[in-house]
Amino acid sequence: MAKTVKSGMQQNGGPPRPWGVEFTDFVAARGNALYRYGYVLTGNAEDAADLTQEALMRLGDAWSRIRKKDDPEGYVRTTMARLHVSRWRRLRRERLVAAVPEVTYTDDRLDGDVGLWKELEGLPPKQRAVLVLRYYEDLSDQEIAELLGVSRGTVRSQAARALDKLRIRVTDLETGRVG
Amino acid sequence: MTYDRSEAELARTLTGAADAAPPPVGDLLAAVQRRRGRRTRRRVQSALAVAGVVAVIGGGTAVARGFFSSGGGEGQTLSAATATATATATATASAGPTEAAEPRRVAIRPAAEVWPAAVTKIPVKAADGWRYRPVTGLSATELLLVAESSFEKAGRLEVYDTAAGTSTVLADMPTPEGVKGYFVQDVEAGAEYVAWWGETPNNSDKWADFWVVPRAGGTAKQVGQVTGDLSEVERIGVTADSVVWSAAGGGIYRMPLAGGSPEKIAGTDGLHLMSWPWATDVAKEGGGEAEQKNQTKVVNLETGQAAEVNVPAGVQGLRCGPVWCFGKEKDQENDASVVQRVDGSDRKSPPDLSLWGGERSLARGFGFFQISGVVGRDARGEEIEDAQAPLAAVYDPATGTAAGIGRRDPSGGGSYGTGTSSSPTSILYWDEGQRQVEKCRKVDATSVPHPPGEPVPTGKVTSCTTTTEGGGKELTVVNLLAVPPTE
């Protein structure tokens, strides 16, 4: 009953293969940047690590497919944004919150508006994700819409609501972007 | 409200926060691997790349952990990563729930309690030392076995009488003359004949052959040989006058037992044999996305009747026999399984049963599921597992009865086999004496592979491997043909 070349007779899905060196290299090279993106998305270190790990795990399993598209980082960033706004994210967040000590590490080092950073915590995940994609990732509303799987109108309304809550004046109503 | 902030300030704050993010705790890659280990523990893996035997890997993964630099760029975090790995393992093993009371248990009882008449033990080897590989039940008391002279090298067919506890040879399985590297693949028990096909899997020749022997026993006869796409045999069947098979790319063919040319059965483009005369529109093997496809029809090749499957929204990997379908919900965080009739009626989601690939359909319309054993989460969000839960279950969709298969090691792992017949098998088996053992040792970090370009790590790391020990005497076998009828 040898199936040494072909896949196993009784299993449709084989065992997960060990991750290749290319993937581990990718994690070594880009892990830091991805974690920081996760930090901006989630607002705390614990969630950032959780989000980054989950997305990287999924990338690792899909590596052979993704690599061909040549944009593994885009894949991970998309996964992270989607996870962040998904039910998965909210459930995990609820579970983690109790165990996570408040990290104030950022405050003394933050080059920016500490008060604004704090207020971002009050935003619903989707609104926060839209802001991060727009102002940190520099994506257009169309790109954000595609990435999150929502309409461009939703992106704009979510952004508008979030900006309003944060008392941020929008300089260019047409694009919603600052030059 | 005063709009006292600008978009530029927001952008600067986000970038600033990213730069000022506290360094992550521990090593990212090691953490990703641990996370994958926790998940894969709940998934079925094949320990051996062979027919029918499936191993569930218990806690921890067989990888060396923690020797890559941290995401923060602070250099080596060897000790931290190793410590985290150890701490995780310890917590999972001993901590248990901190706030919940007694965790619930998986309610599925072992098959020996649910269907005692269907469970029996057989020796793992024949008197001459050849190992048995169970194929399927022929009746409530007869098991069709393949005896292997060496690993996966099928040499003869035997019928084991579970009432008498004896085995008789049905036929030898010869290697066709002049063929090197020949291996028998699937065996199929038809009403009058037992048939099988073989190929040379380790070379690139597109070639296969078919054999039959009467069910009463005798000398096996080669029916014929095929080449090209026809030789990509997926499943086979045997009728009173033909062998039938489907090719991996779809299409069902037949060849007369008396010999002759293969011919395609009309109207079978895109169809795949399931169990003669039943065919489906999904391929047997695929893995990944192909496996998640839903079956949309069930075709009877004798009558030409085709039934459309009523596929509910949010379901994937639905596979149907003539009556029942088994699949799972799309939601990745929810392991819920889906059971229904072909027409969509009697839909249910039996508790504790998961589908992680592999066989779904068994003989007599029974379903086959894995049991994750996860019964809840502790205060830290870690999964709590029922260490006594069986590894898998046979599910009777008509009555909702589930019978446990396999024995879970304390590590959470274990293995079981499914009969290797081409049609959905009636045999599940495992070795009660076998244990999975994880062995960890401290090794010098320099002996462990690390990515090129990274500094060579120093110090000691923990390297773990999982092996099996014990067993090798008897197989516990569940023969579904011996399950008492419910109606």
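Treat the numbers as computed from the prediction; the structure is a model and nothing was measured.

Caption draft 1: Spatial organisation of the overall build of chain A. In terms of helices and strands, chain A carries 9 helices and 1 strand. Listing every helix and strand of chain A by position from the N terminus yields α-α-α-α-α-α-α-α-α-β. By residue count, 49% of the 179 residues in chain A fall in the buried class. Of the contacts made within chain A by residues no fewer than 6 positions apart, 65% connect residues no fewer than 24 positions apart. Surface accessibility of chain A: about 8,300 Å² in total, with carbon and sulfur atoms responsible for 50%.

Caption draft 2: Structural context of the confidence of the model for chain B. Residue and element names in this part refer to chain B. Counting all residues, the mean pLDDT for chain B is 80, and 75% of those residues have values of 70 or more. When the criterion is pLDDT under 50, residues 58-100 qualifies, and its contacts beyond four places in sequence or with other chains add up to 88 contacts. Contacts of residues 449-455 to residues separated by more than four positions or lying in other chains number 13 contacts, the stretch itself having pLDDT below 50.

Caption draft 3: Quick peek at the pattern of salt bridges. Here the structure, examined in full by the defined rule, presents 21 salt bridges over all chains. Here Arg77(A) and Glu137(A) are joined by a salt bridge, their closest N and O atoms 2.7 Å apart. Of this pair, Arg77(A) sits in helix α3 (residues 72-85) while Glu137(A) sits in the loop between α7 (125-136) and α8 (141-148), and the two are 60 residues apart along the sequence. As a salt-bridge pair, Arg5(B) and Asp113(A) come within 3.2 Å of each other at their nearest N and O atoms. Within this pair, whereas Arg5(B) is found in strand β1 (residues 5-6), its partner Asp113(A) is found in the loop between α5 (105-109) and α6 (114-120), the two belonging to separate chains. Like Arg5(B), the residue Asp113(A) is buried in the burial classification. If you follow the salt bridges from partner to partner, you end up with Asp113(A), Glu119(A), Arg167(A), Asp4(B) and Arg5(B) in one network.

Caption draft 4: Main features of the sheet that holds strand β12 (residues 233-238) of chain B. Residue and element names in this part refer to chain B. A sheet is described by the order of its strands in space; here 4 strands give the open sequence β12-β13-β14-β15, paired in antiparallel fashion. At either end of the open sheet lies a strand with only one pairing partner, and these are β12 and β15 (263-264). Pairing geometry for strand β14 (residues 252-256) and β15, over 2 bridges, is antiparallel. In the sheet register, Tyr 253 faces β15, and the bridge partner there is Lys 264.

Scoring rules and cut-offs
Residues numbered from 1 in each chain as written. Chains lettered and ligands numbered in written order. Predicted model: local features only at pLDDT ≥ 70, side-chain atom pairs only at ≥ 80, totals over all residues. Heavy atoms only, no water. Helix = DSSP H or I, 4+ residues; strand = E, 2+ residues; numbered from the N terminus. Buried < 20%, exposed > 50% of the residue type's maximum accessible area, 1.4 Å probe, protein only. Contact = heavy atoms within 4.5 Å. Areas by Shrake-Rupley, 256 points an atom, 1.4 Å probe, with all protein chains shown as cover. pLDDT = per-residue confidence, 0-100. Salt bridge = Lys/Arg side-chain N within 4 Å of Asp/Glu carboxyl O. Pairing = 2+ DSSP bridges.

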